[in-house]
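# Structural overview
Chain by chain, the residues:
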Amino acid sequence: MPIINDPDAIQLLLKHIESVGFEHLPASSVSAAKTFILDSIGVGLSGSRVANVAKIKQAVSHWGQGHQAQVWATGEWLPAVSAAAINGYQIHNQEWDCVHEPAVVHPMAVILSSLVAYAQQHNLSGKQLILGVVIAVDVATLIGECVTSSLKFFRPSICGCLGATAGMSAMLGMKGEALQNALGIAYSQISGTMQSHVEGSPMLAMQIGINASAAIRAIDMAQAGFAGPKDILQGPYGYFHLFEDSFDIQPLIQKLGREYQIERVSHKPFPTGRAGHGTIDGLQQLQKQHGFSAKDIARVDMYGTPLINKLVGRPIKEGMDTSYAKLCNGYIAASALLNGSVGVADFEKSCLQDSERLALGSKVHTHLNDVSDVNALAPVSIEVTLNSGAKHRVDLQHVLGSPQNPLSRGAQLSKFSAACNSAIVPFSESDIAFLIKRIDQLEQITNINNLVEALVSNR
C-alpha cells in the first residue's frame, strides 16, 4: 500500500517532463538512448519476417491512407498511427526487445515505434527523439517500478503508452494543461492483458502496437484542446488502484531527475522472454566450462524467481506455436543445448516439431527459488545432471545483458547485424554499417526522416 502523505505522483511526472531539455541530459544517458534506439530498430527490422505482419498490414489498410510515416524494413507510407502499430508489433513480436527489469516493462517497443512515427510525420530532429526517448523511458519504467504486486495486466503496453505520450510531449515542448490532458487521454485508452501471455497468443505483441497508436492519438487530441482525466495514477480509478494490487511511489520520489532509467535497461541477447535468459546464460557457461553436449543430458533443473516461474515455467508440448515456445523454459533450454545459443531460426516450424528438441526439453524442470519479490527476474541457478551421474551448477546474480552484466559494444553490434540480416528483406553489410553510423550521429540529424530512409533495405 502507498505510504501516507506521499506527494502527488502525477505532479512529480509533469514537473519532470516539463523541466528536462536535451541540454540537461548527461552524456551517459544520450549514449544509452542511442544504444537502445539501435537495438530496438534492429529487432524491429527483424520482426518484419514474422508472418503475422502481413495480416496486420491487411487490417490497417482499412483504417485509412496517409503519407505520414513508414513501416520499417518494407517502407510503406501510412498514417502515423498505423505505421506505429505495425512497427511496435515488429519490435516485440520475437521477444527480442530490451527490458527494464525492476519495472518488468519493455520500455522501447511502444515508445520508439510511436516516437519515430510522430517525429517522421512532423519532421522532428534527432535531438528531439533522444530527449523524447529518455523522458518516455523514465515515465514508463518508474511507474512500473512503483508496483509491488504481480503482473495482471500487460505492463509493457500500458506503462509504455503513458511513457510514449510523455516522450512525444517532451519532443514538442508541451506543458501545463495540454500535457496533463495528453496523459489523461492516453490513460483512457491504455490496454493489455496477461491472458495473451498465458495462452502464447500473438496478441501479446499486438498490444504493443495498439498502445503505440493510442499514444499518438492522445497527443493529437490534446493539441486539439480536448480534455482528459487528471488524477490518473493515485485517483480512485487511477492506474495504481485499477490495474495493480499494491504500490509504493518511493521509486518516483527517489529516482526521478536523479537517475535516468535509460541507463538501467537490459539487453536481450536472445529472442526469447527475458525470464528465459538466465537458463541460456547458465547453460552456455556450464557447457563452456565442462564440455558436455546435449546427448549427455539426463536432467536440467532451473531455480528462479516467482516471476520467472510465472512467465516461462509452462510445459513443453507438441503443437506449440512460436509465441508459446519463446516463453517455454524447456524449449528455450533445449535449443541452447543443441545449438550453443538461441536465435530466430530456432522458432521455425521445423524446429518446433523436432522430436529430439521436444524430448530434450522435457528433461528441463523449472522450480521456485527462495526469492519473495514478485517482480524480480534474478537471481537464477542452473543445475545440470549428466547421464554419467555428474552434476554441474552455476548461480547467476546478474544475467547476461543486464546493466550489471552488460553486453559489450561488439556483442551489441553483432546482435544488430544478425537482426538486420534476418529481416524479411535482409540488409547488406554496407546498409548495416550506414545505419549504425547514422544512429551514432543521431543528435546531428535535423530531420528524423533522414534516419527512417535508412530503415528500408536497398536490396
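Overview of the structure. (Residues numbered from 1 in each chain as written. Predicted model: local features only at pLDDT ≥ 70, side-chain atom pairs only at ≥ 80, totals over all residues. Heavy atoms only, no water.)

This paragraph deals with unusual backbone geometry. Geometrically, the link from A378 to P379 is a cis peptide bond, its omega value of 10° lying close to zero. Looking at where P379 falls in the secondary structure, it is placed in the loop between β4 (364–368) and β5 (380–386). Positive phi is not limited to glycine here, since A73 has a value of about 85°. When you line up the elements, A73 lands in the loop between β1 (69–70) and β2 (77–78). (Helix = DSSP H or I, 4+ residues; strand = E, 2+ residues; numbered from the N terminus.)

Here we take up the pairing of strand β6 (residues 391–396). Alternating residues of β6 divide into H392, V394 and L396, all buried, and K391, R393 and D395, none buried. Here six bridges tie β5 to β6, and the two strands are oriented antiparallel to one another. Paired with E383 across the bridge in β6 is R393. (Buried < 20%, exposed > 50% of the residue type's maximum accessible area, 1.4 Å probe, protein only. Pairing = 2+ DSSP bridges.)

Tallied over the full model, the rule gives six aromatic pairs. Judged by centre distance (6.1 Å) and plane angle (75°), the ring pair of Y187 and F243 falls under edge-to-face. Of this pair, Y187 sits in helix α8 (residues 176–187) while F243 sits in the loop between α11 (239–242) and α12 (250–255); the two residues are 56 residues apart in sequence, bridging distant segments of the chain. Aromatic rings pair up to connect F153, Y187, Y239, F240, F243 and F247 into one cluster. In this structure, R314 is placed above the aromatic ring of Y324, and the distance from its NZ or CZ to the ring centre is 4.8 Å. Over the ring of F347 we find K326, and its NZ or CZ is 3.9 Å from the ring centre. (Phe/Tyr/Trp six-rings, centres within 6.5 Å; stacked < 30°, edge-to-face > 60°. Lys NZ or Arg CZ within 6 Å of the ring centre and 35° of its normal.)

To continue, consider helix α5 (residues 107–121). For α5, with 15 residues, the first-to-last C-alpha span of 22 Å sits near the 21 Å given by 1.5 Å per residue. When you tally the buried positions in α5, you get 14 out of 15 residues, the bulk of the element. Note on α5: the residue one or two positions beyond its end, N123, has a positive phi of about 55°. (Expected span 1.5 Å × (residues − 1).)

Below, the discussion takes up the environment of T366. Tracing the backbone shows T366 in strand β4. In this structure, the C-alpha to C-alpha distance between T366 and P315, residues 51 residues apart in sequence, is 9.3 Å. The contacts of T366, once residues within four sequence positions are left out, are M302, N309, G313 and N329. Reaching out from T366, the side chain makes a polar contact with the side chain of N329 at a distance of 3.0 Å. (Contact = heavy atoms within 4.5 Å. Polar contact = N/O pair within 3.5 Å; in protein donor to acceptor, adjacent residues only side chain to side chain.)

The next subject is the layout of surface pockets. Its boundaries defined by the atoms lining it, the largest pocket holds a volume of some 630 Å³. What lines the largest pocket is a set of 28 residues, among which V50, D321, T322, S323 and F347 lie closest to the centre. Elements supplying a minimum of two residues to the lining of the largest pocket: α4 (80–92), α10 (203–223), α15 (322–325) and α17 (349–352). Taken as a whole, the second largest pocket spans an internal volume of roughly 380 Å³. Among the residues making up the lining of the second largest pocket, the classes are represented as seven nonpolar, nine polar and six charged. (1 Å grid on protein atoms, 1.4 Å probe; cavity = no way out; pocket = protein on both sides within 12 Å on 5 of 7 lines; lining within 4 Å. Points joined across faces, edges and corners; volume = space filled by probe spheres on them. Nonpolar A, V, L, I, M, F, W, Y, C, P; charged D, E, K, R; others polar.)

Attention now goes to the packing of α4 against α5. Here α4 crosses α5 at 150°, and the two axes come no closer than 8 Å. Remark: the crossing between α4 and α5 carries right-handed chirality. Where α4 abuts α5, its residues A80, A84, N87, G88, I91 and H92 lie against M108, A109, L112, S113, S114, A117 and Q121. For the contact of α4 with α5, the residue count by class is seven nonpolar, six polar and no charged. (Axes fitted to C-alpha atoms, helices over the stretch in contact; angles between N-to-C directions. Left-handed = near helix turned anticlockwise from the far one by under 90°.)

It is worth spelling out empty space enclosed by the protein at this point. All told, the structure shown has two cavities of 30 Å³ or more when counted by the stated rule. Roughly 180 Å³ of internal volume is contained in the largest cavity. In the lining of the largest cavity, the residues fall into 13 nonpolar, four polar and three charged. Computed from the structure, the second largest cavity encloses a volume of approximately 40 Å³. Looking at the second largest cavity, the residues that line it are I10, L13, I17, V139, I143, L162, L183, I232 and L233. Those elements that provide at least two residues to the lining of the second largest cavity are α1 (9–19) and α6 (126–145). Take the lining of the second largest cavity: its biggest share by element is three residues, from α1. When grouped by side-chain class, the residues that make up the lining of the second largest cavity number nine nonpolar, no polar and no charged.

Moving on to the nonpolar core. Counting residues in hydrophobic clusters, the biggest one holds 162 residues, and the most contacted among them are I41, Y239 and I262. The greatest single-element share of this core, amounting to 12 residues, is contributed by α6. Contact partners of Y239, with chain neighbours within four places excluded, come to I143, V147, R155, I158, C159, Y187, I190, I232, L233 and E244. (Core = buried A, V, L, I, M, F, W, Y, C linked by side-chain atoms within 4.5 Å.)

Once that is clear, we can look at the sheet that holds β4. Spatially, four strands are ordered β4-β3-β5-β6 in an open sheet, and the strand pairing comes out mixed. The open sheet has two edge strands with one neighbour each: β4 and β6. With direction set aside, neighbouring strand axes in the sheet form an average angle of 15°. Across six bridges, strand β3 (residues 297–304) lies against β5 in antiparallel orientation. Following the sheet pairing, D301 is matched in β5 by E383.

What follows deals with the pattern of salt bridges. What the rule picks out here adds up to 16 salt bridges. One salt bridge connects R49 with E348, and the closest N-O pair in it is separated by 2.7 Å. Placement of the pair is R49 in the loop between α2 (27–46) and α3 (52–60) and E348 in the loop between α16 (329–339) and α17, with a sequence separation of 299 residues. On the basis of relative accessibility, which here comes to 35%, the residue E348 falls in the partly exposed class. What you see here is one network of salt bridges that share partners, running through D346, D354 and R357. (Salt bridge = Lys/Arg side-chain N within 4 Å of Asp/Glu carboxyl O.)

Just geometry here; none of it tells us what the structure is for.
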